[in-house]
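# Residue-level structure breakdown
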Amino acid sequence: MASAGAPLLAAAQHSGEIRRDLSIDQILDLVHAIAAIQADTAYVTPILRAALRGLESREEPTNR
């Protein structure tokens, strides 16, 4: 999965959409940790939303 996601992450980082200080392995670990939470959707959804917002770059996106 990492090898498939790495080019997509690199493109998103290059365009300024995703933070540059995270690797594909770190992002996959984050997703795995959230997926392992054994709780209902109402509990997990805000955690997932916060994590996804945390991946967003604070830079201005470049023209595509």
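Please refer to the structure higher up on the page.
The following refers to the structure shown. Note that the structure is predicted; figures quoted are calculated from it, not measured.

### Comments concerning helix 1 (residues 2-14)
Every α-helical turn comprises 3.6 residues, leaving residues that sit three or four positions apart pointing alike. Between the first and last C-alpha of helix 1 there are 18 Å, a value that for 13 residues agrees with the 18 Å anticipated at 1.5 Å per step. Of all the residues in helix 1, the buried ones are Gly5, Leu9, Ala12 and Gln13. Looking straight down helix 1, one finds that the buried residues subtend no more than 95° of arc, so they occupy a single side. Counted as exposed and oriented over 90 degrees from the buried face of helix 1: Ser3, Ala4, Pro7 and His14.

### Some thoughts on the packing of helix 1 against helix 2 (residues 24-35)
Between helix 1 and helix 2, whose axes approach to 9 Å, the crossing angle comes to 110°. One finds that helix 1 runs roughly perpendicular with respect to helix 2. Of the two possible hands of crossing, helix 1 and helix 2 adopt the one that is right-handed. Within the contact between the two elements, helix 1 uses Ala2, Gly5, Ala6 and Leu9 and helix 2 uses Ile24, Asp25, Ile27 and Leu28.

Here is what the cut-offs are and how they apply
- Residues numbered from 1 in each chain as written.
- Predicted model: local features only at pLDDT ≥ 70, side-chain atom pairs only at ≥ 80, totals over all residues.
- Heavy atoms only, no water.
- Helix = DSSP H or I, 4+ residues; strand = E, 2+ residues; numbered from the N terminus.
- Expected span 1.5 Å × (residues − 1).
- Buried < 20%, exposed > 50% of the residue type's maximum accessible area, 1.4 Å probe, protein only.
- Arc of directions from axis to C-beta.
- Axes fitted to C-alpha atoms, helices over the stretch in contact; angles between N-to-C directions.
- Parallel < 35°, antiparallel > 145°, perpendicular 65-115°, else oblique.
- Left-handed = near helix turned anticlockwise from the far one by under 90°.
- Contact = heavy atoms within 4.5 Å.

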